[in-house]
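# Descriptive structure summary
So you can see what is in the structure, the chains are spelled out below.
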Amino acid sequence: MKLSLQSFAFLTSSLGIVTINFAFNLPAQAAIKCEAGNMIYYPNGSLLTCILEQNITVQVSNSISGTSNFTCRGKTYISFHEKGQFNTCELANDIQIKTGNSVETCPAEYRIYVSTPDDGKESITCRQY
C-alpha cells in the first residue's frame, strides 16, 4: 500500500495534536498525594480539597504574570478551583510576593491564595488564616 506525502503529513500532525492534548489535560490530583479518605470533589469530578500527605511544590504558570512556585506544608489542606487550578495552601517556607514595585514577605505557616480573573492578571495574597 502506497502512502502519499499528504496522507503521511495529516497522520503525523494528528498524532502530534493527540499527544499534546493528552499532555496538557492531566488532572491536578494526579500530581499530589493526599491522605486517604479526606478528599472532597466538585460535582464535575475535579478535586476541591484534601489534606496533603507531605510537603509539595506547586508551580503556577500564567502568560502575563509568569511562573510562581510555592511549597505547601504537608498534613494541611490544599484546595483548587472548580477547573482544577490551584487556589490555596499553607506555606512550608517563607516566600516573597512582588506587587508592582513593592515586595511582601509571606511567612511559613501563612496561607497563600492564588486567583486568576478573566483578564489573566494573577492575584497572590497572603493571610494568617
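Scoring rules and cut-offs
- Residues numbered from 1 in each chain as written.
- Predicted model: local features only at pLDDT ≥ 70, side-chain atom pairs only at ≥ 80, totals over all residues.
- Heavy atoms only, no water.
- Disulfide = S-S within 2.5 Å.
- Helix = DSSP H or I, 4+ residues; strand = E, 2+ residues; numbered from the N terminus.
- Buried < 20%, exposed > 50% of the residue type's maximum accessible area, 1.4 Å probe, protein only.
- Pairing = 2+ DSSP bridges.
- pLDDT = per-residue confidence, 0-100.
- Core = buried A, V, L, I, M, F, W, Y, C linked by side-chain atoms within 4.5 Å.
- Contact = heavy atoms within 4.5 Å.
- Salt bridge = Lys/Arg side-chain N within 4 Å of Asp/Glu carboxyl O.

## Let's talk about the state of the cysteines
Evaluated as defined, the whole model comprises 3 disulfides. One disulfide in the model links Cys-72 with Cys-89; its S-S distance is 2.1 Å. With the S-S bond torsion at -75 degrees, the cross-link from Cys-72 to Cys-89 turns out left-handed. In this pair, Cys-72 sits in strand S4 (residues 66-72) while Cys-89 sits in strand S6 (residues 86-90), placing the two residues 17 residues apart along the sequence. With a relative accessible area of 0%, Cys-72 lands in the buried category. The disulfide bridge from Cys-106 ends at Cys-126, spanning 1.9 Å between sulfur atoms. Taking the sign of the S-S torsion, 80 degrees for the link of Cys-106 and Cys-126, the bridge is right-handed. You can see Cys-106 sitting in strand S8 (residues 102-106) and its partner Cys-126 sitting in strand S10 (residues 123-127), a full 20 residues away along the chain.

## Digging into the sheet that holds S10
Taken in spatial order, the 6 strands of this open sheet run S1-S2-S5-S6-S9-S10, and their pairing is antiparallel. Edge positions in the sheet fall to strand S1 (40-41) and S10, since each has one partner strand and no second. As judged from the 3 bridges shared by S6 and strand S9 (residues 111-115), these two strands associate in the antiparallel manner. Bridging across to S9, Cys-89 finds its partner in Ile-112.

## Focus: the confidence of the model for the protein
In the predicted model, the protein carries a mean pLDDT of 79, and 75% of its residues have values of at least 70. Mean pLDDT per element in the protein: helix H1 (residues 5-24) is the minimum at 39, and strand S2 (residues 47-51) is the maximum at 97.

## Regarding unusual backbone geometry
Residues other than glycine seldom take positive phi values, yet Lys-75 does so here, at roughly 70 degrees. Mapped onto the elements, Lys-75 comes out in the loop between S4 and strand S5 (77-80). With relative accessibility at 56%, the residue Lys-75 sits in the exposed group. Despite not being glycine, Glu-109 shows a phi value in the positive range, around 75 degrees. In this structure, Glu-109 sits in the loop between S8 and S9. Residue Glu-109 is classed as partly exposed on the basis of its relative accessible area, which comes to 47%.

## Concerning the nonpolar core
By size, the foremost hydrophobic cluster in this structure holds 22 residues, and its most contacted members are Ile-32, Phe-70, Cys-72, Ile-78, Phe-86 and Ile-112. Mapped onto this core, the elements with two or more residues apiece are S2, strand S3 (56-62), S4, S5, S6, strand S7 (95-99), S9 and S10. Not counting the four nearest positions on each side in its chain, Ile-78 is found in contact with Ile-32, Leu-48, Thr-49, Cys-50, Leu-52, Ile-56, Val-58, Cys-72, Phe-86, Thr-88 and Cys-89.

## Quick look at the pattern of salt bridges
Side-chain pairs of opposite charge can arise whenever the charged atoms involved come near each other. The final tally for this structure, using the stated rule, is 3 salt bridges. As a salt-bridge pair, Arg-73 and Glu-90 come within 3.0 Å of each other at their nearest N and O atoms. Of this pair, Arg-73 sits in the loop between S4 and S5 while Glu-90 sits in strand S6, and the two are 17 residues apart along the sequence. Look at the salt bridges and you will find they share partners, linking Arg-73, Glu-90 and Glu-109 into a network.

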